[in-house]
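# Breakdown of the fold
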Amino acid sequence: MREVVSIVRCESYEEEEVFKALQKSIDLIGGIRRFVKEGDRVLLKPNLLYGKAPEKAVTTHPAIVKGIIRMVQEAGGKPFIGDSPSIGGLMKTAERAGIKEIAEEMGCPLVEFNNPVSLSDRRGNFFKSIEIDQNVLDADVVINLPKWKTHAQMLLTLGVKNLFGCIPGARKALWHLKAGEDRRRFAQVLVDLYQIISPSLTVLDGVIGMDGNGPNSGRPISLGLILSSTDALSLDQVVCDLLGLPRLSLMTNRVALEAGLGSDEIEIVGERIEEVSISKFELPKLSSLNWGLPDFLGRLLKNTLTSKPVLEKGRCKKCGQCVESCPPRSLSLTEKGPSFDYGQCIRCFCCQEVCPEGAIHIEPGWILRGYHQIRGTKFNPTRSVFL
Ligand code: SF4
Ligand code: SF4
């Protein structure tokens, strides 16, 4: 089936401009009443990764969330906002991100995900069971509201990745451990989650996105776009088109399409790709985790071949949040700051994701760096020279 993705320009977070752009974007794919009926309980799932001010571009902007609440309420739905931030509770995170204020103003409850339910009904493709919060399952409609950002482990966080927050709190670490060092395996977790939750609508906040050292410490970058679709997988593919990246460079796209889930036949409505493509967007320094080598060799050469988290000592405030967030406990806090056990490290980059100071960055393995130094070429995170 041909999926439809709308692309609409939106140059600022001025409230009325955002509302009009959201309306246009959703009207282009059938209008809000296609998704929300009178009396529906509608879960809005923004990106509330970490409690930072809206202008830092870490979280979905409150103007986007507010605009969607308004549309849902006008359609007779009963919206509520739900998420499970990486560090700190939902209320604190939402307050810092400007979401709590608009939620109160609009009479829209905030619900923290802390009630995991293990599902084993095989709606997913890759895992026998998966844990999702009860509130997600109880909603009549799920509207997915991701932010357009880079992601140290998965290259980008967009529509499919945003649903990882539907796994409550500390359970996320278990799924990181289950996936281990295998980025493909982690993508399978995300694709399973996407299939099971199956949001009715995904609206991507790409007005101001984040590039570089995302998803928490990158650079806010003006992109001026809102994308909407019933199919987050298609939407994620269109973002790759806009960035000039091969669609399969995003592992969630690759895993889903190779398994016959979703489609790459996409109808784009609204703006044309050529007119709004993004020419300057810095990707994270991501290199293949196993380089296609046999497992034993991959493990042996892991520290030299693969990207790894590295500390910038001058920026570290020794808060210990990275240590807390490390699923395999391969980080310890010393007098000089966190110390990495790279043998144990599974390269999930949760430490980089949660560091409030941007003190952890990703460094490619030295073979890859050396290769590019010798050739005088630039590191390209979407390609591996050895595969
Ligand atoms: S690296 Fe970041 S998260 Fe870790 S202790 Fe330092 S400031 Fe805190
Ligand atoms: S050190 Fe960082 S990248 Fe390595 S396992 Fe821990 S959190 Fe993940």
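Relevant structure appears above.
A brief look at the structure comes next. (Residues numbered from 1 in each chain as written. Chains lettered and ligands numbered in written order. Predicted model: local features only at pLDDT ≥ 70, side-chain atom pairs only at ≥ 80, totals over all residues. Heavy atoms only, no water.)

### Considerations on the overall build of the protein chain
- Scanning the protein chain from N- to C-terminus turns up 15 helices and 16 strands.
- Sorting the 387 residues of the protein chain into buried and exposed places 59% on the buried side.
- A total accessible area of about 16000 Å² is found for the protein chain, and carbon and sulfur atoms account for 48% of it. (Helix = DSSP H or I, 4+ residues; strand = E, 2+ residues; numbered from the N terminus. Buried < 20%, exposed > 50% of the residue type's maximum accessible area, 1.4 Å probe, protein only. Areas by Shrake-Rupley, 256 points an atom, 1.4 Å probe, with all protein chains shown as cover.)

### Describing helix α1 (residues 15–27)
- When the terminal C-alpha atoms of α1 are compared, their 18 Å separation across 13 residues agrees well with the 18 Å that a helix rising 1.5 Å per residue should span.
- Every buried residue of α1 is accounted for by Val-18, Phe-19, Ala-21, Leu-22, Ser-25 and Ile-26. The arc enclosing the buried residues of α1, seen along the axis, measures out at 165°, which places them on a common side. Within α1, the exposed residues directed more than 90 degrees away from the buried face are Lys-20 and Asp-27.
- Check the buried side of α1 and you find it contacts β1 (3–9), α2 (62–74), β10 (201–211) and β11 (219–229). (Expected span 1.5 Å × (residues − 1). Arc of directions from axis to C-beta. Contact = heavy atoms within 4.5 Å.)

### What about the packing of helix α6 (residues 171–179) against helix α7 (residues 183–197)?
- Where α6 meets α7, the closest approach of the two axes is 8 Å, and the angle between their N-to-C directions is 135°. Considered as vectors, α6 and α7 are oriented oblique to each other. Here α6 contributes Trp-175, His-176, Lys-178 and Ala-179 to the contact with α7, which in turn contributes Arg-185, Phe-186 and Val-189. (Axes fitted to C-alpha atoms, helices over the stretch in contact; angles between N-to-C directions. Parallel < 35°, antiparallel > 145°, perpendicular 65-115°, else oblique.)

### Quick notes on the nonpolar core
- Judged by nonpolar contacts, the single largest core of 40 residues is most densely connected at Ile-32, Leu-44, Ile-68, Ile-81 and Ile-143.
- Looking at this core, the elements with two or more residues in it are α1, β2 (41–46), α2, α3 (90–96), α4 (99–106), β7 (141–145) and β10.
- With seven residues, the single largest contributor to this core is α2.
- Other than its neighbours up to four places away in sequence, Leu-44 contacts Val-65, Ile-68, Ile-69, Val-72, Pro-79, Phe-80, Ile-81, Gly-82, Ile-143 and Leu-145.
- Counting 34 residues, the second-largest nonpolar core is a separate cluster that includes Leu-43, Ala-139, Val-191 and Ile-197. (Core = buried A, V, L, I, M, F, W, Y, C linked by side-chain atoms within 4.5 Å.)

### Overview of unusual backbone geometry
- Across the junction of Gly-214 and Pro-215, the peptide omega takes the value 10°, indicating a cis bond.
- Mapping Pro-215 onto the fold places it in the loop between β10 and β11.
- The backbone of Ala-57 sits at a positive phi, close to 65°, despite the residue not being glycine.
- Counting through the fold element by element, Ala-57 comes out in the loop between β2 and α2.
- Classification of Ala-57 as buried rests on a relative accessible area of 0%.
- The phi dihedral of Ser-198 falls on the positive side, at around 45°, and the residue is not glycine.
- Residue position: Ser-198 is located in the loop between α7 and β10.

### Quick look at the packing of helix α8 (residues 232–243) against helix α9 (residues 251–258)
- At a closest axis distance of 10 Å, the pairing of α8 and α9 adopts a crossing angle of 130°. As summarised for this structure, α8 and α9 are arranged oblique, according to the angle between their axes. The two elements α8 and α9 cross, and the hand of that crossing is left-handed. Taken together, the residues of α9 that come into contact with α8 (itself represented by Leu-233, Asp-236, Gln-237 and Cys-240) are Thr-252, Asn-253, Ala-256 and Leu-257.
- Split into classes, the residues belonging to the contact of α8 with α9 amount to four nonpolar, three polar and one charged. (Left-handed = near helix turned anticlockwise from the far one by under 90°. Nonpolar A, V, L, I, M, F, W, Y, C, P; charged D, E, K, R; others polar.)

### Observations concerning the packing of aromatic side chains
- Applying the stated rule across the entire model yields four aromatic pairs.
- Taking 5.4 Å as the distance between ring centres and 0° as the angle between the ring planes, the aromatic pair formed by Phe-340 and Tyr-342 counts as stacked.
- We note Arg-70 situated over the ring of Phe-19; from NZ or CZ to the ring centre the distance is 3.5 Å.
- Across from the ring centre of Trp-175, 4.2 Å away, lies the NZ or CZ of Lys-178, which sits over that ring. (Phe/Tyr/Trp six-rings, centres within 6.5 Å; stacked < 30°, edge-to-face > 60°. Lys NZ or Arg CZ within 6 Å of the ring centre and 35° of its normal.)

Shape descriptors only; they carry no functional weight alone.
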